[in-house]
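# Per-entry structural report
Spelled out, the chains give:
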Amino acid sequence: MMRRTALTLGALAAAATLAVAVPGSAAAAEGILVVDGVNHVDPSGCYAVDRFPSSVVNNTDAIAEVHTGPDCTGQVEWLVYPGETYPTETARSVFVL
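Residues numbered from 1 in each chain as written. Predicted model: local features only at pLDDT ≥ 70, side-chain atom pairs only at ≥ 80, totals over all residues. Heavy atoms only, no water.

### Regarding the packing of aromatic side chains
- Taken as a whole and assessed by the stated rule, the structure comprises one aromatic pair.
- Residues Trp 78 and Tyr 86 carry aromatic rings whose centres are separated by 5.2 Å and whose planes lie at 5° to one another, so their mutual orientation is stacked.
- A residue is classified by how much of its surface remains accessible, and Tyr 86, at 14% relative accessible area, is buried. (Phe/Tyr/Trp six-rings, centres within 6.5 Å; stacked < 30°, edge-to-face > 60°. Buried < 20%, exposed > 50% of the residue type's maximum accessible area, 1.4 Å probe, protein only.)

### Regarding the nonpolar core
- Of all hydrophobic cores here, the largest spans 14 residues; its most connected members are Leu 33, Val 56, Val 66, Val 80, Val 94 and Val 96.
- Mapped by element, the contributors of at least two residues to this core are β1 (31-35), β5 (64-67) and β8 (93-96).
- Beyond its immediate chain neighbours, meaning those up to four positions away, Val 66 contacts Val 56, Gln 75, Val 76, Glu 77, Trp 78, Val 80, Tyr 86, Ala 91, Ser 93 and Val 94. (Core = buried A, V, L, I, M, F, W, Y, C linked by side-chain atoms within 4.5 Å. Helix = DSSP H or I, 4+ residues; strand = E, 2+ residues; numbered from the N terminus. Contact = heavy atoms within 4.5 Å.)

### With respect to a nonpolar patch on the surface
- There is a patch of nonpolar side chains on the surface, built from Val 76, Leu 79 and Tyr 81 and spanning about 240 Å² of accessible area.
- Tracing the chain through its elements places Val 76 in strand β6 (residues 76-80).
- Accessibility expressed as a relative area gives 42% for Val 76, which makes it partly exposed. (Patch = residues over 30% accessible without salt bridge, like charges linked within 9 Å, V, L, I, M, F, W, Y side chains within 5 Å. Areas by Shrake-Rupley, 256 points an atom, 1.4 Å probe, with all protein chains shown as cover. Salt bridge = Lys/Arg side-chain N within 4 Å of Asp/Glu carboxyl O.)

### Overview of the state of the cysteines
- All chains considered together, the criterion is met by one disulfide.
- Across a sulfur-sulfur distance of 2.1 Å, Cys 46 and Cys 72 are joined as a disulfide pair. Looking along the S-S bond of the Cys 46-Cys 72 disulfide, the torsion reads about 105°, which is the right-handed sense. With Cys 46 in strand β3 (residues 45-48) and Cys 72 in the loop between β5 and β6, this residue pair connects regions lying 26 residues apart in the sequence.
- For Cys 72, a relative accessible area of 18% translates into the label buried. (Disulfide = S-S within 2.5 Å.)

As structure tokens, then:
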């Protein structure tokens, strides 16, 4: 009886772990991120800033990090929260969290 209970609890723990871990692994921001006037629908990852001056318009449900270096390297210049616009003359890339 004890072994059966332990097996059942182990199976339940494994199922709960999978149920919590799997949905978050493929999540992307929902909405539109506008970088250099280009719309990125449900963005995820890094986007280049190729025009100067430029702006980042964050119409998503996530925070966008504006970086001073290409490929989302360098310092974080600014955090653009949902609903905000950030004008920039120095940013080189944007990462959506």
